[in-house]
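# Report on the structure
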Amino acid sequence: MGDDAGFTTVLFAMIAGAIRVSTPFLFVSLGECLTEKSGRINLGLEGTLVFGAMSAYAISYQTGSPWLGVVVAGIAGMMFGAIHGFICKLPKVNDIAVGIAMMLFGTGLAFFFGKAYIQPAAPRLPSISLGWWSDDPQVRQALDVNPLFLVGIVLAIVLWWGFRNTRLGLIVRTTGDSAPAALALGVNVNVVRFLATAVGGFFAGVGGAFLSLYYPGSWTEGLSSGQGLMAVALVIFARWNPLACFGAALLFGAAGALGPALQSIGISRGYHFFNAAPYLMTLAIMILSISPKRSLKGAPGELSITK
Amino acid sequence: MIKRHFDRRSFLKGTAAGLVGLSASGLLTRSAFAADITVGILYVGPRDDFGWNQAHAVAAAALKEVPGVTVVEEENVPETVSVSQSMESMINLDGASLIFATSFGYYKPFVLEMAAKYPDVQFRHAAPLWTDADPKNAGSYFGYLDQAHYVDGIAAGLSTTTNKLGFVAAKPIGTVLRNINSFTLGVKKVNPAATVQVIFTGEWSMPVREAEAANALIDAGCDVLTCHVDGPKVVIETAEGRGIKTCGHNASQAPLAPKGFITGAEYKWSTIYKDYAAKVGAGEALPNFIGGGFDKDFVQSTAYGAGATEAAIAAADTARAEVTAGKPIFVGPISKQDGSALVAAGATLDNYDPALDQTDYLIEGVVAR
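Basis of the calculations
Residues numbered from 1 in each chain as written. Chains lettered and ligands numbered in written order. Predicted model: local features only at pLDDT ≥ 70, side-chain atom pairs only at ≥ 80, totals over all residues. Heavy atoms only, no water. Buried < 20%, exposed > 50% of the residue type's maximum accessible area, 1.4 Å probe, protein only. Helix = DSSP H or I, 4+ residues; strand = E, 2+ residues; numbered from the N terminus. Pairing = 2+ DSSP bridges. Right-handed = clockwise from strand over helix to strand, strands pointing away. Domains from an automatic or database assignment. Contact = heavy atoms within 4.5 Å. Buried area = accessible area lost by both parts, 1.4 Å probe. Polar contact = N/O pair within 3.5 Å; in protein donor to acceptor, adjacent residues only side chain to side chain.

Residue and element names in this part refer to chain B. Of all six residues in strand S9 (residues 245-250), five are buried; the element is thus mostly enclosed. In this structure, strand S8 (residues 224-228) lies alongside S9, joined through two bridges in parallel fashion. Paired with Leu 225 across the bridge in S9 is Thr 246. Crossover handedness for the path S8 to helix H8 (residues 233-241) to S9: right-handed. Taken together, the four bridges between S9 and strand S10 (residues 261-267) define a ladder with parallel strand orientation. By the bridge assignment, Gly 248 is partnered in S10 with Gly 264.

Structural data, given as structure tokens:
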């Protein structure tokens, strides 16, 4: 196999991997983006993601309908978001600390209820074949996308458009940038943040459903391996722009596919390094984007990390 | 000043000793055993992971059927000080007299410390780590799964049409490398033109990366997949979803792949567990170190699935019978990947050769650089 052929294989695998792996990143980061735009941080989305994965799998197994599982995962995520939102509107509560508590609570609860669902095989979500035009089975395989991926793209566009062009988007942005200004406009800051956190939780729950019902497609306790946390970092990378969130999610998905792809063409030296690519990327992004001298461009002014 | 005590504690001690004496003399026995025993088992993950922990849990379930044996289990015990805490609670609260520590990292220092602290309790650990310098009430038991992987390789080598087979492996440590080598030897024996491609995920359990690895192997042209990770569920299901054949690992994954499952390499810990429980119950000494494969019934092949052809079944059955009878798997000439000779032409390595416990190489025929 020549170097060119190997390079093509890796590039192809990264693109295919980006499509396969990015959806949970996308949903969690869109949820976090919405929450942070309203001026609050929810680090608990990792727990929401894991609990969403568990509840979706359980419901799909019990009822035989994976789509019902997705809806229940969303609602469960919304409950987690609502709890976070409710606690954070109490006076003198640190939203980062509550977020970490919610993360542990979500994963712990998911492990507790999920015991019975590790073994059985639940019906999975179907895929849509977008590769009909190609004769290459690999291309076709790579373009077998899940409807949730497409929903995620639409959601990113709607959020991006909504933040700029709708009254609702303006209210959320105002709340996030300056609570006094929002108050002066007659907006109830607490209610806006509560709703934004709950809806953000809904998105993260749906992202979890993708993990357990489509790819990799089963419920195990190691399922998320930090993807929820990486997605939170990804929002900063994307500068709180939903469209950039989509790009960043694709990039993280591709980074995750790098290690296995290189090994599949026979390069296994340093595979630990390549396997760690998504984590290294998170770290690099945090270092590059944080500076004590300036505040982040595009950061909502009310966020507790920027205040 | 010497004062004679007669307190409640010493009274209870004396009574208990008397009762133990009575029961030992056979007056109070209720079961087939000379004494009822409690066995404690610790798992590093969930008991139903379709893999390593499930293989032990299946054996624990078989052990519960034995009259006179009580089994206490604890799942998700991380390889930290919680190992000691869990063991102490099993010993002091549940009265366990035999502990099975089933994860590699439990041994040092936790099993060794507890064995020194509780000399009357027997500790056995599922990896070949015990040496003469360690406490005599500790020990190791191990199944040589590479023998079953060799049989998998025979069946898999006859099932491929692309002559490319894939192996998703967790970490490049001795037992994993040995399984890959034996699988490859099985493949090469029946299909010299075939190669085995390996992807290491770097973790015992990492579902998304395991799925990515399986997809990458399939994209590279592999049409039979097997793996050595803690829970093979994701690899087997991903391969089945893409319509290719699979061989299992650790426990039975046959239900996960109704179309493409060929066979699998499974542990049979119940053989060891039942034997140990019977020995402890009868007051006999336990061996400090045992290991075995097909010959001792410590490993087994999963029942053939729909993916197994008649030719593959026949060849695998023959190979299993040969290995059980002691026929070596490592028959020369075999070279390592760097080209140096491992086994010379005409020579063989015994299936239990101690040198194989130190495997730190992959053999020729495995694609990984």
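Interface size is commonly expressed as the accessible surface area that is lost when the partners come together. All names here are of chain B. With domains assigned, chain B is organised as domain 1 (33-144 + 269-296) and domain 2 (146-266 + 301-367). Contact residues are listed per partner, giving 12 residues for domain 1 and 22 residues for domain 2. Between domain 1 and domain 2, roughly 1,400 Å² of surface is buried when both sides are summed, and carbon and sulfur atoms account for 65% of that area. Area buried by domain 1 at its contact with domain 2 is led by Phe 50, Tyr 144 and Phe 294, which between them contribute 60% of it. At the surface where domain 1 touches domain 2, the tally comes to eight residue pairs in polar contact (both at pLDDT 80 or more). The element contributing the most residues to the side of domain 1 that touches domain 2 is helix H2 (residues 52-64), with three residues.

Moving on: the pairing of strand S5 (residues 140-143) of chain B. Residue and element names in this part refer to chain B. In S5, alternate side chains face the same way, and those of Ser 140 and Phe 142 on one face and Tyr 141 and Gly 143 on the other are all buried. Summarising the sheet, S5 and strand S11 (residues 289-292) pair through four bridges and their orientation is parallel. By the bridge assignment, Gly 143 is partnered in S11 with Gly 292.

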